[in-house]
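# Understanding the architecture of this molecule
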Amino acid sequence: MSRLILALALIAFGALSVADAAPPRKSQFASPQDVLKWINGYRLKPEPMKLPEMVRALSAMGAFRDLDNAGVYVGFMAGVLGNNSAKAEALVTRMFPLPPEDQVAIVRAIAYSGIPEWKALMEKFIERMPARKVLIQHHLYGKGHTLDTLPLEDQPAALDTLWGYYFATGSAAPVRRIVSVLAWTRDKNNVEKLTLGSMAKWTLANNAQRDKALVDHLRHEMNRAPKETVRDLQEVITAAETFETTKLRKDAHAAIDELRRKGPESTRNMSFWGQAGQTALALGCVVAGALGQAEIAVPCVISGAVSSAALRLLTPQ
């Protein structure tokens, strides 16, 4: 009997040794392209409980170090939280531990989530994020923005955030805000607005090529949009349905080039263009990845060659 017990003990010890020696499970989000792949398929197969793993992986990749280029991820986080309000506290809890500098993404995701009780949710995590106390209070006491109040004119990264929320939810609300800037594509006095309007128009058309739900949203917006925006919407829908978006980019090239050449000096201040260019790249990369164009998305995300790639997309050469 003692020999049997000893044999069983040895077997158990051996099993433990094998388990200890087994390599750790590879994360589903081992690389930026893995994250994009998951975002791409999320609405077809929602798995909200995987969001914390994605957030920690992005933090390890350094994706939150420049939040101007991480808006799409923050928007996606907000969308998942907003669509899963009953699980929101558990989801946020599992995002920790996270470096203090990356916790800004959590604060913004909660504020942008659209959950009715988002302030109460944020209050629960004040002690977990003491370094972000000032920012949290900024949102709690009405000075911070929500997704509906994000200023689009002076924060180009807001477009990324709106797209991220849409990728997570398919909601019409972020699409409506993106559509609201289409009229800026005809602004002859302000390079900032012209650039943002062009970005919005081009990305709407590119996404709508492979997203019928987005086309339906755009058609619905035609019934409520101002007259001047209806024309832009029709151009976007036509370009998407005919898979001919090149003309939109060429039109943007021509308009921006003309404004830079003929506009007053105040409209040729290119300090903003660098910021808008960075946002265009972050947005363009994630849009490409979400559409399955990994050969475009992966180099963008990994290399961080922000301005040069953006300029190839939307600026006159």
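What counts and how
All residue numbers here refer to positions counted from 1 along the written sequence of the relevant chain. With pLDDT at 70 or above as the cut-off, local features in this predicted model cover only qualifying residues; side-chain atom pairs require 80 or more to be listed or tallied, and sums for whole chains, interfaces and linings still use all residues. Excluding hydrogens and water, the side-chain figures rest on all heavy atoms present in the structure. Note on conventions: DSSP H or I runs of at least 4 residues are helices, E runs of at least 2 residues are strands, and numbering of each starts at the N terminus. In what follows, a contact means two residues having at least one pair of non-hydrogen atoms within 4.5 Å. Residues grouped as a nonpolar core are buried Ala, Val, Leu, Ile, Met, Phe, Trp, Tyr and Cys residues, joined through side-chain atoms within 4.5 Å. Burial here depends on accessible area, computed with a 1.4 Å probe over protein chains only, as a share of the maximum for the residue type. Under 20% is buried, over 50% is exposed, and the range in between is partly exposed. The term salt bridge refers to a pairing of a side-chain nitrogen on Lys or Arg with a carboxyl oxygen on Asp or Glu at a separation within 4 Å. This arc is taken over the directions from the axis of the helix to the C-beta atoms. Between the N-to-C directions of two axes lies an angle of 0 to 180 degrees, each axis being a line fitted to C-alpha atoms and, for a helix, fitted only over the stretch in contact. Three categories are distinguished: nonpolar for Ala, Val, Leu, Ile, Met, Phe, Trp, Tyr, Cys and Pro, charged for Asp, Glu, Lys and Arg, and polar for the others, with Gly belonging to the last. Each residue carries a pLDDT score, the predictor's own confidence in it, on a scale running from 0 to 100. Paired rings are identified among Phe, Tyr and Trp, the last through its six-membered ring, by centres lying within 6.5 Å, and are further divided according to the angle between planes into stacked (under 30 degrees), edge-to-face (over 60) and tilted (the rest). Between 65 and 115 degrees an angle is taken as roughly perpendicular, under 35 as roughly parallel, over 145 as roughly antiparallel, and anywhere else as oblique.

## Regarding the overall build of the protein chain
Across its full length, the protein chain carries 17 helices and zero strands. Of the contacts made within the protein chain by residues no fewer than 6 positions apart, 70% connect residues no fewer than 24 positions apart.

## Here we look at the nonpolar core
In this structure, M54, Y73, F76, M77, L81 and L218 are the most contacted members of the largest nonpolar core, which totals 79 residues. Judged by nonpolar contacts, the second largest core, of five residues, contains V191, L194, I256 and L259.

## Focus: the pattern of salt bridges
All told, the structure shown has 10 salt bridges when counted by the stated rule. D216 serves as the salt-bridge partner of K212, at 3.0 Å between the closest nitrogen and oxygen. Here D216 and K212 lie together in helix 12 (residues 212-221), a separation of four residues that amounts to about one turn. Here K212 falls in the exposed class, since its relative accessible area comes to 61%.

## A closer look at helix 5 (residues 88-95)
For the α-helix, the turn length of 3.6 residues means that residues three or four positions removed from each other point alike. For helix 5, the full list of buried residues reads A88, L91, V92 and M95. In a view along the axis of helix 5, the buried residues occupy a sector of 95 degrees, so they form one face of it. For helix 5, the secondary structure elements touched by its buried residues are helix 3 (51-61), helix 4 (71-83), helix 6 (103-112) and helix 7 (118-123).

## Let's talk about the environment of L150
Summarising the element assignment, L150 is placed in the loop between helix 8 (133-140) and helix 9 (157-169). A relative accessible area of 2% places L150 in the buried class. Sequence separation between L150 and Y112 is 38 residues; the distance between their C-alpha atoms is 8.9 Å.

## Observations concerning the environment of D211
Along the chain, D211 turns up in the loop between helix 11 (191-208) and helix 12. Under the relative-accessibility criterion, D211 is labelled buried at 15%. Between the alpha carbons of D211 and G170 there is a distance of 9.7 Å; along the sequence they are 41 residues apart. Ignoring anything within four residues of it in the chain, the contact list for D211 reads R43 and Y166.

## Observations concerning the packing of helix 4 against helix 5
Running from N to C, helix 4 and helix 5 cross one another at 145 degrees; their axes reach a closest spacing of 8 Å. Residues M77, V80 and L81 of helix 4 touch helix 5, and the partners they reach there are A88, L91, V92 and M95. Per-class residue counts for the contact of helix 4 with helix 5 are seven nonpolar, no polar and no charged.

## Structural notes on the confidence of the model for the protein chain
Scored by pLDDT, the protein chain comes out at a mean of 79, with 74% of its residues at no less than 70. Averaged pLDDT values over the elements of the protein chain bottom out at 35 in helix 17 (residues 306-314) and peak at 98 in helix 5. For the stretch residues 15-19, pLDDT sits under 50, and the model shows zero contacts to residues farther than four places along the chain or on other chains. Segment residues 264-317 is flagged for pLDDT under 50; beyond a separation of four residues in sequence, or across chains, it makes 105 contacts in the model.

## What to know about the packing of aromatic side chains
Any aromatic ring pair is given by two values, namely how distant the centres are and how the planes are angled relative to each other. Under the defined criterion, the tally for this structure stands at seven aromatic pairs. With 5.7 Å between their ring centres and 70 degrees between their planes, W38 and F76 make a pair best called edge-to-face. Taken together, the residues W38 in helix 2 (residues 32-41) and F76 in helix 4 connect sequence positions 38 residues apart. Residue W38 shares its accessibility class with F76, and that shared class is buried. Each ring, one from F96 and one from F125, has its centre 6.0 Å from the other, and the planes form 15 degrees; the classification is stacked.

## As for the packing of helix 11 against helix 12
Here helix 11 crosses helix 12 at 130 degrees, and the two axes come no closer than 8 Å. As far as their axial angle goes, helix 12 and helix 11 are oblique. Taking contact as the criterion, the partners of L204, N207 and A208 in helix 11 are, on helix 12, L214, V215 and L218. Broken down by class, the residue content of the contact of helix 11 with helix 12 amounts to five nonpolar, one polar and no charged.

## Concerning helix 3
The element helix 3 is largely enclosed, with a buried count of eight among its 11 residues. When we look at burial in helix 3, the residues that qualify are L51, P52, E53, M54, V55, A57, L58 and S59. Packing partners of the buried residues in helix 3 comprise helix 2, helix 4 and helix 5. Two residues or fewer after helix 3 comes G62, characterised by a positive phi angle close to 80 degrees.

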